[in-house]
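Below are the chains, spelled out letter by letter.
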Amino acid sequence: MSVANGRALLATPGPTNIPDRVLQAMMRPAEELHTPTIIDLTTTLLADLQKLFRTSGQTYLYACNGHGAWEAALTNVLSRGDKVLVLASGRFAVGWGEMASFIGVDVEVLAGSWSAAVDPAAVESRLRQDRDHKIKAVLMVQVDTASGVANDVLAVRRAIDAAQHSALYMIDGVASLACMPFEMDAWGVDVAMSASQKGLMTSPGLGFVAANDKAHKAHETANLRTRYWDWTSRRSPLHYMKHCGTPPEHLMFGLRASLDMIFEEGLEAVWKRHSLLAGATHAAVSRWAEGQCLALNVDEPAQRASSVTPVLTKGFEPGKVSEFTRTMCGVTLGGGLGDLSGKAFRIAHMGHVNAPMVLGSLAAVEMALQALDIPHGSGGTAAAIAHLSAAVSPAGG
Ligand SMILES: *Cc1c(COP(=O)(O)O)cnc(C)c1O
C-alpha cells in the first residue's frame, strides 16, 4: 500500500520544484511581442540577472536549456582551433568541453577527482607550462551536479593569476546560481552561464550568460559566432534583436516571479537556506553511513555542494531506493550519473525547498532503507532535524 498521493516532491537536481507563484505568473495570454510590458520585462530580467551573477558586465537571456547556454558562451568568445583547458571534477565541465570539441575547439581536460574539488595548484602548474598562452579559456563548473563537488572559484582565479596567464575564466553556474555564493566580478570570472530550472525554480527553457569587458574583447575576433547566440546583435538597441526573434514570453513571466521571490527573501538568505538544508542532508547521510552500505561521495565538507548530495550505495542497487521513494512516498530522487551511474542516488536540495520538503525527502529515503532491509545507522532524519534546530532560531538569527 502506497502513501504517495498528495503533493509530489521533486528531489532531482533539475528540473526542480516550481513554486505556485511562478506557475501562476505564466498563466496569462500571449502578448504582441513589442508591448511595453514585454520590453520592460526584458529590461528588468537582464538587470536582475546582473544582480544574481553579481556583475556589472552584460547579461544575455536565451530560449534554451543549459546546453544551449554552454554553446552561447563558447561561440561568442572562441575561434575554430582555439585551445581550452577543462577542469574536471565530475561530469559537467567535461560535457561542456565535449560541446566545445564538437564545434572545432581543441579541448584538453585536466584530470580531476569525482570526489574532490579541482586542485588550484594543478591548474597553476599546467598554465605555467603554457608559455605561449595557447590556452584561450579555462572552463570549470562551480558545482558538479553528478559528483556533488563544489569548486572554489576564487582559488582557481588566484591560480590563473599566479601563473600570469591571460586565458578567459569561464564558469558554469547551472547548479549553483542562487544556491551558493557566486561573485562574478569579485572573483574575476570573465564568462558565467546558468539555466532556469535549478536554483531559479522556473520551467526549463531559459539559458543565461554573463560576460565582462575582457570577454567582449575576445568576442570581437571570435569566429565561432552564430547569429542566434551572437552578443553583438543582442546588444542592438532594437528590442527584437535582444531575443533574436520572438521572446519566450511565458518563461520570462515565470522567471520574473522567481527572481522577485529570490530578492524578497534576499540572495544571501537564499544561500544560507541552501547551506542549512545541505548540512541537514549531510548529517542524515553520515548517520546512515554507519551501517557501511551508504556513504557521502565528497569527504571534505567544504567541498560539498549546497544544492545536491550524491549518496553512494554499496552492495545494493540504488534504483531500489528511488523506486521505493517515488512509488510509495511521492518523492522523486536523482539517479547516479557518469562514474556514479548504478552506484549512487542523488538527493537534491535546490531551489524551492524548505525544511519540511528536505526532511520529507530524507524521511522517505530512511523509510526505504528500513522497508528494503538495507543496513544503515538509525536516526538519520533525526540528525537532520537536530542540525536544523541548532541552526534555526525563532529570533531569526
Ligand atoms: C543541469 C546542468 C547542466 C545542463 O543543463 P541542461 O538544462 O540540462 O542542458 C549543465 N551544467 C550543470 C552544472 C548542470 O547541473
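Position labels on residues start from 1 in each chain and follow its written sequence. In view of the model being predicted, local features appear only for residues whose pLDDT reaches at least 70, and side-chain atom pairs are presented and counted only at 80 or more, with totals across whole chains, interfaces and linings using the full set of residues. Hydrogen atoms and water are omitted, and side-chain values are computed over all heavy atoms in the structure.

Further remarks concern the domain arrangement of the chain. Domain parsing of the chain yields domain 1 (20-263) and domain 2 (267-392). Note that the domain bounds were set by an automatic or database domain assignment. The distance between the C-alpha centroids of domain 1 and domain 2 comes to 28 Å. When domain 1 packs against domain 2, the two sides together hide about 2,100 Å² of surface, and 63% of this comes from carbon and sulfur. Across the pair Glu-268 and Arg-54 runs a salt bridge whose closest N-O atoms are separated by 2.8 Å. Broken down by secondary-structure element, the contributors of at least two residues to the side of domain 1 that touches domain 2 are helix H2 (36-53), strand S7 (149-150) and helix H10 (249-265). Partitioned by chemical class, the residues of the side of domain 1 that touches domain 2 number 18 nonpolar, five polar and five charged. Once two parts are put together, the accessible area they lose, assessed with a 1.4 Å probe and summed over both, is termed the buried area. Note on definitions: salt bridges are taken to be side-chain nitrogens of Lys or Arg within 4 Å of carboxyl oxygens of Asp or Glu. Helix and strand definitions follow DSSP, with helices as H or I runs of at least four residues and strands as E runs of at least two, each counted in order from the N terminus. In this classification, the charged set is Asp, Glu, Lys and Arg, the nonpolar set is Ala, Val, Leu, Ile, Met, Phe, Trp, Tyr, Cys and Pro, and all remaining amino acids, among them Gly, are polar.

Glancing now at the side chain of Thr-325. Its place among the elements puts Thr-325 in helix H12 (residues 318-329). By the criterion applied in these results, polar contacts are pairs of N or O atoms within 3.5 Å in which, for protein atoms, one can donate a hydrogen and the other can accept it, and in which residues neighboring in sequence qualify only through two side-chain atoms. Of the polar contacts made by the side chain of Thr-325, one reaches the backbone oxygen of Ser-322; its length is 3.1 Å. Of note is the side chain of Thr-325, whose polar atom sits 3.0 Å from the backbone oxygen of Val-331. The contact rule is simple, with two residues in contact once any of their heavy atoms fall within 4.5 Å. Excluding residues that lie within four positions of it along the chain, Thr-325 makes contacts with Gly-330, Val-331, Leu-333, Ala-364, Val-365 and Ala-368.

In total, this model carries 20 salt bridges according to the counting rule given. Note that Asp-260 and Arg-256 form a salt bridge whose closest N and O atoms lie 2.7 Å from each other. Remark: Arg-256 and Asp-260 occur in helix H10; sequence separation between them is four residues, near one turn of the helix. On the accessibility criterion, Arg-256 (15% relative accessible area) is buried. Here Glu-265 ties to Arg-273 by a salt bridge, and the two come within 2.7 Å at their closest N and O atoms. Exposure categories follow from relative accessible area, calculated using a 1.4 Å probe and restricted to protein chains: below 20% of the type maximum is buried, above 50% is exposed, and the middle band is partly exposed. Taking relative accessible area as the criterion, Arg-273 reaches 19% and is therefore assigned buried. Each of the salt bridges in this network shares a partner with another, and the network as a whole consists of Asp-48, Lys-51, Arg-256 and Asp-260.

Definition of nearness: a residue and a molecule or strand are near each other if at least one heavy atom of the residue lies within 4 Å of the molecule or strand. For the ligand, the full set of nearby residues is Asn-65, Gly-66, His-67, Trp-70, Phe-92, Val-143, Thr-145, Asp-172, Val-174, Ala-175, Gln-197 and Lys-198. A distance of 3.5 Å is found between an oxygen atom of the ligand and a side-chain nitrogen or oxygen belonging to Asn-65. Between the ligand and Asp-172, the relevant distance is 2.6 Å, taken from a nitrogen atom to a side-chain nitrogen or oxygen of the residue. When the free accessible area of the ligand is taken as 380 Å², the share hidden by the protein chains comes to 90%. The way it works is a 1 Å grid over only the protein atoms, where trapped points that fit a 1.4 Å probe form a cavity and open points with protein on both sides within 12 Å along at least five of seven lines form a pocket, and then any residue with an atom within 4 Å of a point lines it. More than half of a molecule's atoms within 2 Å of the grid points is what it takes for that molecule to sit in a cavity or pocket. Its atoms largely coinciding with the cavity grid, the ligand occupies the second largest pocket. Here the accessible surface of atoms and residues is derived via Shrake-Rupley with a 1.4 Å probe, and residues count as covered only by protein chains that are part of the display.

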